[in-house]
Amino acid sequence: MRWLIPRLPHLAANVPDLTVHLSAGGGPDALDDVDVAIRRDDFAFPGRVSGTRLFGERIGPVCRPDLAGELLGEAPFAGATLLHTRTRPGAWEDWRRLTGTGPTPDASPQQTFEHFYLTLQAAAAGVGVAIGPYALVHDEVTQGRLAAPFGFVADGTSYHLLSHRPPAEDPQVARLLTWLRARTSHLNAPKP
């Protein structure tokens, strides 16, 4: 939602015969009520589903830009509220495992939100520091609404376009895939 909604006008202009209905659902039943889905491969895709990789996931701490300097000081994260998301409760631990650094959860104030959208809005509002997926925060970091003082690291997962038939067998899915790849190619570039 966070990535796709701002790009819906461009999608409509470039793939005009496509009707988009957004749903925040996820998991193995990703295609029960829809034709295509964009999902992270943190679960096994059902055998009846075609999955086409779009880009790899990268994660990193994000916060309001004026708070970034405090995180990089002599006592990184000291006093910072760690923001969590119920849909990825282990995000901070994943980042610590991947980087070998980071705050100790029991030594920091905590706040949990239901969805990444809310967690990232709270980070942008200065409530605390969240682990942000690069694809979901790229626009805000580029525009200066969020800062990523430690950069981003690959977490070993990827986003995929899931469909009932492979794109080669479905022209509409193929057009969507072409559009998605053009709009996400920068997300595969190795950046900090």
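Look up a bit, the structure's there.
Residues numbered from 1 in each chain as written. Predicted model: local features only at pLDDT ≥ 70, side-chain atom pairs only at ≥ 80, totals over all residues. Heavy atoms only, no water.

A. Quick peek at the overall build of the chain. The helix and strand inventory of the chain stands at 6 helices and 6 strands. The secondary structure elements of the chain, listed N-terminal to C-terminal, are α-β-β-α-β-α-β-α-β-α-β-α. In terms of overall size, the chain behaves like a compact globule, its C-alpha atoms giving a radius of gyration of 18 Å where 192 residues would be expected to give roughly 16 Å. Its C-alpha atoms put the chain at 55 × 30 × 30 Å along the principal axes. The proportion of buried residues among the 192 residues of the chain is 44%. Once local pairs closer than 6 in sequence are excluded, the contacts in the chain between residues at least 24 apart make up 78%. Counting every atom, the chain has about 9800 Å² of accessible surface; 54% of that belongs to carbon and sulfur. Between the averaged position of the 18 positive side-chain charges in the chain and that of its 20 negative side-chain charges there is a distance of 5 Å. (Helix = DSSP H or I, 4+ residues; strand = E, 2+ residues; numbered from the N terminus. Rg over C-alpha atoms; globule rule 2.2 N^0.38 Å. Buried < 20%, exposed > 50% of the residue type's maximum accessible area, 1.4 Å probe, protein only. Contact = heavy atoms within 4.5 Å. Areas by Shrake-Rupley, 256 points an atom, 1.4 Å probe, with all protein chains shown as cover. Lys, Arg positive; Asp, Glu negative; His and termini not counted. Charge placed at Lys NZ, Arg CZ, Asp CG, Glu CD.)

B. Inspection of the pattern of salt bridges at higher detail. Under the counting rule described, the total for this entry stands at 11 salt bridges. Residues Arg7 and Asp139 are paired through a salt bridge, measuring 2.8 Å at the closest nitrogen-oxygen approach. In this pair, Arg7 is assigned in the segment before helix H1 (8-14) and Asp139 in helix H5 (residues 134-142), connecting sequence segments 132 residues apart. Note on accessibility: Arg7 and Asp139 belong to one class, buried. We note a salt bridge from Glu93 to Arg96, for which the minimum N-O separation is 3.1 Å. With Glu93 and Arg96 both in helix H3 (residues 91-99), this residue pair falls 3 residues apart, about one helical turn. A residue is classified by how much of its surface remains accessible, and Glu93, at 45% relative accessible area, is partly exposed. Sharing partners across several salt bridges, the network here consists of Arg40, Asp42 and Asp155. (Salt bridge = Lys/Arg side-chain N within 4 Å of Asp/Glu carboxyl O.)

C. Here's a closer look at the sheet that holds strand E4 (residues 110-113). Reading across from one edge, E1-E6-E2-E5-E3-E4 is the order of the 6 strands in this open sheet, with mixed pairing throughout. Edge positions in the sheet fall to strand E1 (36-40) and E4, since each of these pairs with one other strand and no more. Shown here is a sheet whose adjacent strand axes are inclined to one another by a mean of 30 degrees, direction ignored. Pairing geometry for strand E2 (residues 50-62) and strand E6 (residues 153-163), over 8 bridges, is antiparallel. When the sheet's bridge partners are listed, Ile59 is paired in E6 with Val153. (Pairing = 2+ DSSP bridges. Axes fitted to C-alpha atoms, helices over the stretch in contact; angles between N-to-C directions.)

D. The arrangement of a nonpolar patch on the surface in detail. There is a patch of nonpolar side chains on the surface, built from Met1, Ile5, Val20, Leu22, Tyr117 and Leu118 and spanning about 510 Å² of accessible area. Within the secondary structure layout, Leu22 lies in the loop between H1 and E1. Assessed through its relative accessible area of 41%, Leu22 is described here as partly exposed. (Patch = residues over 30% accessible without salt bridge, like charges linked within 9 Å, V, L, I, M, F, W, Y side chains within 5 Å.)

E. Structural detail: the side chain of Thr184. The topology assignment puts Thr184 in helix H6 (residues 171-184). Ignoring any residue separated from it by four or fewer positions in sequence, one finds Thr184 in contact with Trp3, Leu54 and Phe55.

F. How the structure looks around the side chain of Ser158. Along the chain, the position of Ser158 falls in strand E6. Among the polar contacts made by the side chain of Ser158, one reaches the side chain of Arg53 at a distance of 3.1 Å. Setting aside residues up to four positions removed in sequence, Ser158 forms contacts with Arg39, Arg40, Asp41, Arg53, Phe55, Gly56 and Glu57. (Polar contact = N/O pair within 3.5 Å; in protein donor to acceptor, adjacent residues only side chain to side chain.)

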